[in-house]
Structure formats: C-alpha cells, structure tokens
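Each chain, written out:
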Amino acid sequence: MTLHRSGRLPARLTPHEVRTHAFDARRRGVDPDQVREFQARVADELAELHRRVRVLAQENDRLKRALRDWQAMHARECRPPNDGHW
C-alpha cells in the first residue's frame, strides 16, 4: 500500500465516489455515457473487492481465535519434555 506524503494511508476510495465523480469538460472530450458506464463497472468491482476483504478479514479473525484456542488446549495437555534435574 502506498503511503501519502504525510506518512498516513490515503482514504479508501468508495464505490459511491467512483460513481459520482464529475470530470471537467474539455474541448475534445469523451462520450459522457461511456464514462458513466465505465465508472459503474469500476464501482461495482470496487464494491465486490471491499466485500471480499471484509469476508477474508472475518475468516482471518476466526482462524486466529481457533489457533489460540488449540494452542491453549494443547499447552495444558503437554508435559515438559524432561522432568529431570536439568
């Protein structure tokens, strides 16, 4: 992830911002319908990516909790490898 000059992460671009962003008119501009269609496609894909990131973050949290639980259970069942003096 690229940091902003301030050293912070830039604000996350939202699908709504992509859909509603207005461009300045130029002398030899582009077809506004094509721009809006492209914005809609990009916004839809961005929304799907945000959804997938949320799902993967939840799965990651679940796996971390399961691993901690397993480690705690396993630590209680294990004895030290050597009960001798050393």
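Our subject is the structure that appears above.
Quick caveat, the model's predicted, so the values are computed rather than measured.

Calculation criteria
Residues numbered from 1 in each chain as written. Predicted model: local features only at pLDDT ≥ 70, side-chain atom pairs only at ≥ 80, totals over all residues. Heavy atoms only, no water. Helix = DSSP H or I, 4+ residues; strand = E, 2+ residues; numbered from the N terminus. Buried < 20%, exposed > 50% of the residue type's maximum accessible area, 1.4 Å probe, protein only. Areas by Shrake-Rupley, 256 points an atom, 1.4 Å probe, with all protein chains shown as cover. Patch = residues over 30% accessible without salt bridge, like charges linked within 9 Å, V, L, I, M, F, W, Y side chains within 5 Å. Salt bridge = Lys/Arg side-chain N within 4 Å of Asp/Glu carboxyl O. Polar contact = N/O pair within 3.5 Å; in protein donor to acceptor, adjacent residues only side chain to side chain. Contact = heavy atoms within 4.5 Å.

*Asks:* Just give me the short version of the overall build of the chain, but keep the residues and values in it.
*Replies:* The number of helices and strands found in the chain is two helices and zero strands. In the chain, buried positions account for 7% of the 86 residues. If you sum the accessible surface of the chain, you get close to 8700 Å²; carbon and sulfur atoms cover 55% of it.

*Asks:* Describe a nonpolar patch on the surface, with residues and values.
*Replies:* There is a patch of nonpolar side chains on the surface, built from Leu67, Trp70 and Met73 and spanning about 310 Å² of accessible area. Of note, methionine 73 is situated in helix 2 (residues 32–77).

*Asks:* Lay out the side chain of histidine 50 with the relevant residues and their values.
*Replies:* Turning to its location among the elements, histidine 50 is positioned in helix 2. A relative accessible area of 14% means that histidine 50 is categorised as buried. Within polar-contact distance, the side chain of histidine 50 engages the side chain of arginine 12 at 3.3 Å. Here histidine 50 is in contact with Arg12, Leu13, Thr14 and Pro15, once residues within four sequence places are set aside.

In short, shape yes, function no, at least from these values alone.
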